[in-house]
Amino acid sequence: MGTVTRGTTNPNRLRRMDRWIAAVHGAELRRASAPVAVDLGYGAAPWTAVELLARLRAAAPRTRVVGVEIEPDRVAAARPYEREGLAFRHGGFEVPVPGRPALIRAANVLRQYDEAQVAAVWERLCARLAPAGDGSRGGLLVEGTCDEIGRRHVWVALGPEGPRTVTFATRLGSLERPSDLAERLPKALIHRNVPGEPVHAFLRDFDRAWAAAAPYASYGTRQRWLRAVGDLTADWPVTDRPARWRQGEVTVAWEALAPRG
């Protein structure tokens, strides 16, 4: 169920997303009795699934990863990399794994789809997540877009109930201004970066905060980023703390950036 992607991938491309997942969702993975994470649409080579296993197991050692690809030849090419805790399956948005995954990561998958198709895909994938209950918020869907070597990345995190947050992540040394991240907005937001839409207002305010924080650049780009994000919290519902900001990240509640109309 779905369309074959270009399959472009590179080792370490999804490191920022993986680190964030391990940090914010690691506790949920540890609580799960048999946590399964799905790398949906891993592409022409299996590197992202191999790396996801290593990074998640550092936070939750019992995690198993299943790479799912809609192109059979890509699955066949990945099979030699199977090992304990890592498997590859042919499939798409139906997510052909037993049970309900604790995590579905879909990076650079929806980029080629129409914006009108995104909501239905999100709904289908969220329905496959482990449900909330007994102190658990349930599984997590992380869907977003990054550049070819993973310097700039924006993703939406969704639970069984729907969208929760939007995270902007970057290699700070590559950044001229925060709005440079606009070209990596996920499909649900990239066409909404126009006046009158919340995501456009957020990036405008972020650029203004970045400009106002210019004196902090003498202490390094990280200090400038920390100051700019701190100023953003006065007007925007930033949901994370300085420990994540120091990684070149900022996470905002979905409701604040959701498209109008």
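This text follows the structure it describes.
Residues numbered from 1 in each chain as written. Predicted model: local features only at pLDDT ≥ 70, side-chain atom pairs only at ≥ 80, totals over all residues. Heavy atoms only, no water.

### What about helix 6 (residues 198–212)?
Helix length check: helix 6 (15 residues) gives 21 Å between terminal C-alpha atoms against 21 Å at 1.5 Å per residue, within 8%. Every buried residue of helix 6 is accounted for by P198, V199, A201, F202, L203, D205, F206, A209 and W210. Looking at the buried positions of helix 6, the neighbouring elements they touch are strand 7 (162–170), helix 5 (187–190), helix 7 (221–232), strand 8 (249–253) and helix 9 (254–257). (Helix = DSSP H or I, 4+ residues; strand = E, 2+ residues; numbered from the N terminus. Expected span 1.5 Å × (residues − 1). Buried < 20%, exposed > 50% of the residue type's maximum accessible area, 1.4 Å probe, protein only. Contact = heavy atoms within 4.5 Å.)

### Thoughts on the nonpolar core
W122, F168, F202 and W225 are the most contacted members of the largest nonpolar core, which totals 54 residues. For W225, the residues in contact, after removing those within four places along its chain, are T170, L172, L175, F206, W210, W245, G248, E249 and V250. Counting residues in hydrophobic clusters, the runner-up holds 29 residues, among them L29, A37, V75 and C146. (Core = buried A, V, L, I, M, F, W, Y, C linked by side-chain atoms within 4.5 Å.)

### Brief notes about the sheet that holds strand 4 (residues 103–107)
Backbone hydrogen bonds are what pair the strands of a sheet, in a parallel or an antiparallel way. Here we have eight strands laid out as an open sheet, ordered 3-2-1-4-5-6-7-8, and mixed in their pairing. Two strands bound the open sheet, and with one partner strand each, they are strand 3 (86–90) and strand 8. Neighbour-to-neighbour, the strand axes of this sheet turn through a mean angle of 20°, independent of strand direction. Sheet topology note: the strand 1 (residues 36–40)/strand 4 ladder contains three bridges and is parallel. In the sheet register, D39 faces strand 4, and the bridge partner there is R105. Strand contacts of helix 2 (residues 47–59): strand 1, strand 2 (64–69), strand 3 and strand 4, with the helix running at about 150° to strand 1, the strand carrying the most contacts. (Pairing = 2+ DSSP bridges. Axes fitted to C-alpha atoms, helices over the stretch in contact; angles between N-to-C directions.)

### As for the pattern of salt bridges
Here the structure, examined in full by the defined rule, presents 22 salt bridges. The salt bridge partner of R55 is E51, with a shortest N-O separation of 3.6 Å. Residue R55 and its partner E51 are both found in helix 2; the two are separated by four residues, about one turn of the helix. A residue is classified by how much of its surface remains accessible, and E51, at 16% relative accessible area, is buried. For E69, the salt bridge goes to R74, with nearest N and O atoms at 3.4 Å. The two residues E69 and R74 agree in class, both being buried. The network of salt bridges with shared partners includes D18, D39, E51, R55 and R105. (Salt bridge = Lys/Arg side-chain N within 4 Å of Asp/Glu carboxyl O.)

### As for the layout of surface pockets
Gaps left between atoms show up when a probe the size of a water molecule is rolled over them. Taken as a whole, the largest pocket encloses approximately 410 Å³ of empty space. Around the largest pocket, the lining comprises 28 residues; the ones closest to its centre are A34, P35, V36, R100 and A102. Of all the secondary structure elements, the ones that give two or more residues to the lining of the largest pocket are helix 1 (15–31), strand 2 and strand 3. A class-by-class count of the residues in the lining of the largest pocket yields 15 nonpolar, seven polar and six charged. (1 Å grid on protein atoms, 1.4 Å probe; cavity = no way out; pocket = protein on both sides within 12 Å on 5 of 7 lines; lining within 4 Å. Points joined across faces, edges and corners; volume = space filled by probe spheres on them. Nonpolar A, V, L, I, M, F, W, Y, C, P; charged D, E, K, R; others polar.)

### Observations concerning the pairing of strand 7
Counting buried positions over the nine residues of strand 7 gives eight, a clear majority of the element. One ladder, built from eight bridges, connects strand 6 (residues 152–159) with strand 7; its direction is antiparallel. Bridge pairing in strand 7 places A157 opposite T165. Connecting strand 6 to the antiparallel partner strand 7 that follows it, the hairpin turn spans two residues. Direction of pairing for strand 7 relative to strand 8: antiparallel, over a ladder of five bridges. For T165, the partnering residue across the bridge sits in strand 8 and is A253.

### Comments concerning the packing of aromatic side chains
For the structure on display, the rule yields 10 aromatic pairs. Taking 5.3 Å as the distance between ring centres and 85° as the angle between the ring planes, the aromatic pair formed by F202 and W236 counts as edge-to-face. With F202 in helix 6 and W236 in the loop between helix 7 and helix 8 (242–245), this pair connects stretches of sequence that are 34 residues apart. Look at F202 and you get buried, because its relative accessible area is 0%. Looking at W236, the relative accessible area reads 13%, which means it is buried. Chaining the aromatic ring pairs together yields one cluster made of F168, F202, F206, W210, W225 and W236. (Phe/Tyr/Trp six-rings, centres within 6.5 Å; stacked < 30°, edge-to-face > 60°.)

### Describing the pairing of strand 5 (residues 140–146)
Regular strands show a simple pattern: their side chains alternate between the two faces of the sheet. Of all seven residues that make up strand 5, seven are buried, and the element is covered over most of its length. When strand 4 meets strand 5, the two strands line up parallel, connected through five bridges. Paired with A107 across the strands is G144, a residue of strand 5. Crossover strand 4 to strand 5 through helix 4 (residues 115–127) is right-handed. Bridge count for strand 5 against strand 6 is six bridges, and the pairing is antiparallel. The residue of strand 6 that forms the bridge with C146 is H153. The turn joining strand 5 and strand 6, which pair antiparallel and follow one another in sequence, is formed by five residues; a positive phi near 75° is taken by G150. (Right-handed = clockwise from strand over helix to strand, strands pointing away.)

The quantities given are spatial measurements derived from coordinates; they are silent on function.
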